Amino acid sequence: MVSVNYYLALSVILFIIGALGVLIRRNAIIIFMSIELMLNAANLAFVAFARYWQAMSGQIFVFFIMTVAAAEVAIGLALIVTIFHTKSSIDVDQISTLKG
Amino acid sequence: MLLNAANTGGFFYLVPFVVLFPVIGLLINMFVGGRLGEKAIGAIACLGSGLAFGVAVLLGLALVGKPDGLVVPYLDWITIGTLQLQWAFRVDTLSVTMMLVVGGVGTLIHIYAVGYMHDDVRHNGDPGRFRRFFVYFNLFIAAMMILVSASNYMMLFIGWEGVGLCSYLLIGFWYEKGKDGIGNALAGKKAFIANRIGDLGFLIAAFLMFKYFQPLAPNGVFSFDFDSVASLAKQVPPSGILAITLFLLLGVTGKSAQLPLYVWLPDAMAGPTPVSALIHAATMVTAGVYLVARSHAIYSLVPMAQNTVAIVGGVTALFAGTIALAQFDIKKVLAYSTISQLGFMVAAVGMGAFTAGMFHLVMHAFFKALLFLSAGSVIQGIERGEHHVEQDPNLRKRMKHEMHFDAQDMRNMGGLRTKMKVTFWVYLVGALALSGIIPLAGFWSKDEILTEASALNPAVYWLLLLAAFLTALYMGRQILMVFFGESRSEPVAHATESPAIMTVPLVILAGLSVVGGFINFPSVNTFTHWLANTFSAVAEGTAGGEAAPAGFNFVIATVSTILAVGGLLLAWYLYMNRVHEMRRLPQNQRADDPLRPILGPVFTLLENKYWVDEFYGYIVVKPYEWLSGFLADKVDWNFWHDFFHDTILVGGFNGATRLLSGPIDLGFIDGISNFLADGFKELAGQMRKIQSGFVRNYALSILIGVICIIGYLIIRLG
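Residues numbered from 1 in each chain as written. Chains lettered and ligands numbered in written order. Predicted model: local features only at pLDDT ≥ 70, side-chain atom pairs only at ≥ 80, totals over all residues.

**Considering the overall build of chain A**
Per the secondary structure count, chain A includes 3 helices and 0 strands. A globule of 100 residues ought to have a C-alpha radius of gyration of about 13 Å, yet chain A, at 17 Å, is considerably larger. Classification of the 100 residues of chain A by burial places 14% in the buried group. Partitioning the intrachain contacts of chain A with sequence separation of at least 6 by distance along the chain shows that 46% fall at a separation of at least 24. (Helix = DSSP H or I, 4+ residues; strand = E, 2+ residues; numbered from the N terminus. Rg over C-alpha atoms; globule rule 2.2 N^0.38 Å. Buried ≥ 20, exposed ≤ 12 C-beta atoms within 10 Å, placed from the backbone. Contact = placed C-beta atoms within 7 Å.)

So, in structure tokens, the structure goes:
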């Protein structure tokens, strides 16, 4: 049986990749994908712990997160489409009108 | 007598009406007099005074039956702690004597004034003041009646101040006239201020009286009542009594025009002549004499005060007599004569010869009122002559060199004997009565004073004897200058006699001046016995009252008669014979008075009244004005206004305001808010840099935040 530490290590790697993707990339779609990556890193950690502790609550939380992620994808893609309509670009650095 | 003496006691309760009748008269004239004619105004005023006289007569009749008199309480006046003042009228022989004089002489002068003021208001060009004159006149009678009928010193003081006020109002009656258009007003002011100094003495005496008498009074309640003062006086330390009497004397010198406060009376002649007769000769100025007589119980206790009073009176009598000798204004001569005669009275009451003083007071009221009113008649006769001359173009040409004609200057007069016959005769009677020619009024009263003085105070006797000689001399001089010789100016040559309304009171007063003296005929002494009811009633068992009455002294009577006749003869020699001799000299070498070449510089000294006014001006008025100027210019203006107000207050306020608005408000208060604002602005400037607008940056900060929180939680919990 694979130790839970491996799952967690994979989860952390996935989360860091996602976070870096959010921080570094400018393409809104890529950022979006990176966010999904971070959510799924969390899902992986939940599932790993659920199995490790033999508890169902982790599994259930994963369902909630997948639901939220689906909703988020729906709204996020709609936003990106609208931004693209106005800016003709999905480069997030272009969207800086709230600059102080 | 129709009235039964026993039934007349009820008349005592009429006494408030001696005050109320004149008050009613003046109220009527004040409120409805504007719609009445001069005759009605005059009638109301005369009635007010006359009814008061009638009440005084009834009181006199009542006193015949019950000579002790009565104190009639009228109302409670002031009650403060241990001070309880009543408004109560005192009816005794002394007060009723004064009421009779004030009412009787006052009424005659009222009647005369109706005629006199009719012409006077027209001559001075304001007929509207006729009513005002009689309102003041009735007010004077009321105040004088309060003064003489008072039962305590405070009520007396009200009358005392009231007559002073009337005197002031009437001296300045023609306030816009006189020297430089302000002379009369200044004369009124001078009288008021001189009297005020005297009144201060009176007030201090009253305070001292309260201090010394109140602790002794039964139940500790002091009322200033004459009776209680008299009965308690013996328990008071003599030094206290001495202080009280001497401060009262200061009041006396003010009101009765004695040295050193006499200077106001000659100037008071600025008032219309009836005022001079009533207030400044017959009644008001005798108030001081009355006050000393009224206070006989306390004066008798301190011989030193008595001597002081007597010396003041004697010196004043002589001093004023010498000045009268060299005056040219007909009324000024009479004014100084009045001062001199008041000196006689004050000397008499000072020596303890209260009856003699009061006797002379009454006689003097008759003949001096007569003389003043006659002088008024002379002045108006000349004014009528002046008017006649002005209407006649031929005569007016001769007037040219007399542009400023003075109707009161005796140098312009002469020869009026034939033009104003009635006035001449009554004037002669008055002058002889004043000179002390037997058997006229002045002889008896002056002789009584001289007799008393020879026994009681020889120094004063010699002063008074000399003054009596001077009296005859200056009255002879005046008669001769005014009525004899030739008229020395055109208006006088055309003078005419006054109407009957003026001459009738003159004749009555002349009659009184002739027969008045017999009320105290030696060896009968009706008047002495009459007043003895007052003076000895208090004297019994308490203070020693009246000095033993001196009998008729033949030697003294002869000496004084010789001196009086000698004075008149000397006047005749100087003003009839010498004047004729002087006529022969050329106009420019001719002296205006035969005494001038004889007395030389002394005459100038007398003519200028010893320069007392100038001396007072130099000693008192100048320093006072300097002090006022100093206080006004330096202390008030420069110090208080410029320095204290402008520099300290305004400057300090401006400085404080500047400090508050500048450093404090702008610097500190605004500084705090500006600092806060600037600080937040600066902070915001720093903070806005964080708002880069790049989503990645926000995401990074969220990440860092999350890491920090989680790190913290791990460290804390782990």
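**Structural notes on the overall build of chain B**
Broken down by element type, chain B carries 27 helices and 2 strands. For 718 residues, the compact-globule estimate of 2.2 N^0.38 gives 27 Å, and the C-alpha radius of gyration of chain B, at 38 Å, exceeds that figure by more than 25%. Buried residues in chain B amount to 50% of all 718 residues. Considering only intrachain contacts with a sequence separation of at least 6, the fraction spanning at least 24 residues in chain B is 81%.

**What about the interface of chain A and chain B?**
The extent of an interface is frequently quoted as the accessible surface area lost upon association of the parts. Residue-level contacts link 11 residues of chain A with 12 residues of chain B. Looking at side-chain class alone, the side of chain A that touches chain B contains 6 nonpolar, 3 polar and 2 charged residues. (Nonpolar A, V, L, I, M, F, W, Y, C, P; charged D, E, K, R; others polar.)

**Regarding the environment of A:Ala48**
Residue and element names in this part refer to chain A. Position of Ala48 among the secondary structure elements: in helix H2 (residues 28–53). The spacing of Ala48 and Ser3 is 45 residues in sequence and 9.3 Å in space, taken between C-alpha atoms. Here Ala48 is in contact with Val4, Tyr7, Leu8 and Ser11, once residues within four sequence places are set aside.

**As for the confidence of the model for chain B**
Residue and element names in this part refer to chain B. Residues of chain B with pLDDT of at least 70 account for 95%, and the chain-wide mean is 87. Predicted confidence for residues 538–547 stays below pLDDT 50, and this span has 35 contacts to residues more than four positions away or in other chains. For this predicted complex, the interface confidence comes out at an ipTM of 0.84, alongside a pTM of 0.78. (pLDDT = per-residue confidence, 0-100.)

**Looking at the pairing of strand S1 (residues 70–80) of chain B**
Residue and element names in this part refer to chain B. Among the 11 residues of S1, 1 are classified as buried, and the element is accordingly described as predominantly exposed. Judged from the 9 bridges that link them, S1 and strand S2 (residues 83–91) form a sheet pairing that is antiparallel. By the bridge assignment for S2, Val72 is matched with Phe89. (Pairing = 2+ DSSP bridges.)

**Notes on the packing of helix H15 (residues 354–391) of chain B against helix H17 (residues 421–435) of chain B**
Residues and elements named next belong to chain B. Where H15 meets H17, the axes come as close as 9 Å, and the angle between the chain directions of the two elements is 145°. The hand of the H15/H17 crossing is left-handed. Contacts from Phe367, Leu370, Leu371, Ser374, Ser377, Val378 and Gly381 of H15 reach H17 at Thr423, Val426, Tyr427, Gly430, Ala431, Ala433 and Leu434. (Axes fitted to C-alpha atoms, helices over the stretch in contact; angles between N-to-C directions. Left-handed = near helix turned anticlockwise from the far one by under 90°.)

**Concerning helix H19 (residues 458–483) of chain B**
Residues and elements named next belong to chain B. A rise of 1.5 Å per residue sets the reference length of H19, with its 26 residues, at 38 Å; its end C-alpha atoms lie 37 Å apart and thus fit the reference within 8%. In terms of burial, H19 is largely enclosed, as 22 of its 26 residues are buried. In the segment just after H19, Gly485 is the residue with positive phi, at about 70°. (Expected span 1.5 Å × (residues − 1).)

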